[in-house]
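# Breakdown of the fold
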Amino acid sequence: MNYILISRGDIYSNKVKEDLISRLNLLGFKNVEDDIKKANKDINLDYVFSIGGDGTFLRSVQSFYEYNPLFITINTGNFGYLCEYKKEDYLKSLTDLKKRDINYKLVSLLKCEVNKYLDNNNYKIDEYYAVNEFRIHSSNGSTLKFDISIDDTFFETLKGDGCLIASSIGSSGIAKSLKGALIDNEIELLEFIENAPISNNGYTSLSSPFVLSKEKIFVFSNFSSSSFNIYYDSEAIEIKDFNKNDFIKIYLSNKKIRLLHNKEKNYIERTSYMFIR
């Protein structure tokens, strides 16, 4: 079995990494970090150990989801809401891995398609995937205006700093900071949140988080500026030369990642501990 370990880089995380490498090698697992660094896309990558916090996990997904590995998430920091194993019981992850029936959960990835018009109804499409959210945001601090459609039905024209589309897992991240609902991770859905929308006598918008079924498809078009940014998980896209024929599509994709599940993790207890106590 091939594996790679991604550490946040602090002393404790690196210590856990070295301990896991020793134990995994004794179990007959193969560290393929050098092969991955050579950009060898043909190699089989069975396991990705993320050692750090939520940010480390998100970066691990962005780097390796195309290999379709099983992700093992170990929290060595203070938060780590998305991590299945605490730093005190990280060796339990090895115990769970050695079981005959590995218990894992599937997490659907959000997909963003940036459609740039070429000619004759042909488009150049750049595709991106995210665990938590995609966030469309003004790049220079000025008001960004654009149209929003949901399932081919016009919804609203938004004027503000931008908006965010989050998954249920992403509801605990930036979506919560924007006053969105905290949603049970076991429910698959989309959450739409406006970011600092303008509200006056001449213009108003939804001005409320909007939770929709997982099948909904968002389309963003008619941008007032040709330049803006799209942020997702730990990444950013700088959009330039966007014209009236271009559009962005965001939806919950069929692509899924596998996450080793810790049966002893109590979701409600962890939520209370992270956000209330």
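Structural notes, computed from the coordinates.

Each value, and the rule that gives it
Residues numbered from 1 in each chain as written. Predicted model: local features only at pLDDT ≥ 70, side-chain atom pairs only at ≥ 80, totals over all residues. Heavy atoms only, no water. Helix = DSSP H or I, 4+ residues; strand = E, 2+ residues; numbered from the N terminus. Polar contact = N/O pair within 3.5 Å; in protein donor to acceptor, adjacent residues only side chain to side chain. Contact = heavy atoms within 4.5 Å. Phe/Tyr/Trp six-rings, centres within 6.5 Å; stacked < 30°, edge-to-face > 60°. Buried < 20%, exposed > 50% of the residue type's maximum accessible area, 1.4 Å probe, protein only. Lys NZ or Arg CZ within 6 Å of the ring centre and 35° of its normal. Core = buried A, V, L, I, M, F, W, Y, C linked by side-chain atoms within 4.5 Å. Pairing = 2+ DSSP bridges. Axes fitted to C-alpha atoms, helices over the stretch in contact; angles between N-to-C directions. Salt bridge = Lys/Arg side-chain N within 4 Å of Asp/Glu carboxyl O.

Along the polypeptide, Ser-167 turns up in the loop between strand E11 (162–166) and helix H5 (174–177). For Ser-167, the side chain forms a polar contact with the main-chain nitrogen of Gly-170, separated by 3.1 Å. If sequence neighbours within four positions are ignored, Ser-167 has contacts with Leu-110, Val-131, Asn-132 and Leu-189.

A separate point is the packing of aromatic side chains. Applying the stated criterion across every chain, the model contains 20 aromatic pairs. On the numbers, 5.7 Å between centres and 35° between planes, the contact of Phe-29 with Tyr-47 is tilted. Separated by 18 residues along the polypeptide, Phe-29 in the loop between helix H1 (11–26) and strand E2 (30–31) and Tyr-47 in strand E3 (residues 47–52) bring together distant segments of the chain. The same class applies to Phe-29 and to Tyr-47, which are both buried. For the pair Tyr-128 and Tyr-232, a centre-to-centre distance of 5.7 Å together with 55° between the ring planes defines the contact as tilted. Here Tyr-128 is found in strand E7 (residues 123–130), whereas its partner Tyr-232 is found in strand E15 (residues 228–232), with 104 residues between them in sequence. Members of the aromatic cluster, connected to one another through ring pairs, are Phe-146, Phe-155, Phe-192, Phe-210, Phe-218, Phe-220, Phe-223, Phe-228 and Phe-242. One cation-aromatic arrangement involves Lys-255 over Tyr-129; the distance from NZ or CZ to the ring centre is 5.2 Å. One cation-aromatic arrangement involves Arg-258 over Tyr-104; the distance from NZ or CZ to the ring centre is 5.6 Å.

Core analysis: the biggest nonpolar cluster contains 30 residues, and Ile-136, Phe-220, Ile-230 and Ile-248 have the highest contact counts within it. Looking at which element gives the most residues to this core, the answer is strand E9 (residues 144–150), with four residues. Residue contacts for Ile-136: discarding those within four places in its chain leaves Leu-144, Phe-146, Asp-161, Gly-162, Cys-163, Phe-220, Phe-223, Phe-228, Asn-229, Ile-230 and Ile-248. Grouped together as the second largest cluster of nonpolar side chains are 23 residues, Val-48, Phe-64, Leu-82 and Tyr-129 included.

Reading across from one edge, E13-E12-E11-E8-E15-E16 is the order of the six strands in this open sheet, with antiparallel pairing throughout. Edge positions in the open sheet fall to strand E13 (210–213) and strand E16 (235–239), since each of these has one partner strand only. Averaged over all neighbouring strand pairs, the angle between strand axes comes to 20°, with direction disregarded. Bridging between E15 and E16 involves five bridges; their strand directions are antiparallel.

Here the focus is the pattern of salt bridges. Per the stated rule, a full pass over the model turns up 14 salt bridges. In this structure, Asp-96 and Lys-92 form a salt bridge, with 2.9 Å as the shortest nitrogen-oxygen distance. With Asp-96 and Lys-92 both in helix H4 (residues 92–97), this residue pair falls four residues apart, about one helical turn. Since its relative accessible area comes to 19%, Lys-92 is described here as buried. For Lys-124, the salt bridge identified is with Asp-126, shortest N-O distance 2.8 Å. Judged by relative accessible area, which is 43%, Lys-124 ranks as partly exposed. Linked through salt bridges whose partners overlap, the residues forming this network are Glu-84, Lys-105 and Lys-265.

This next bit is on the pairing of strand E6 (residues 104–117). Pairing between E6 and strand E17 (residues 247–260): eleven bridges, direction antiparallel. Bridging across to E17, Asn-115 finds its partner in Phe-247. By the bridge criterion, eight bridges tie E6 to E7 in an arrangement that is antiparallel. Paired with Glu-113 across the bridge in E7 is Glu-127.

Take helix H6 (residues 267–275) next. Buried within H6 are the following residues: Arg-270, Thr-271, Ser-272 and Met-274. Contact partners of the buried residues in H6: strand E4 (70–75) and strand E5 (85–86). Backbone nitrogen of Ile-268 and a side-chain oxygen of the N-cap are separated by 3.2 Å at the start of H6; the cap is Asn-266.

Mapped onto the secondary structure, Leu-82 falls in the loop between E4 and E5. The class of Leu-82 is buried, set by a relative accessible area of 7%. On a C-alpha basis, the gap between Leu-82 and Phe-57 in space is 8.0 Å, while along the polypeptide they are 25 residues apart. Those residues in contact with Leu-82, other than ones at most four positions away along the chain, are Asp-54, Phe-57, Leu-58, Thr-73, Asn-132, Ile-169, Ser-172, Leu-259 and Lys-265.

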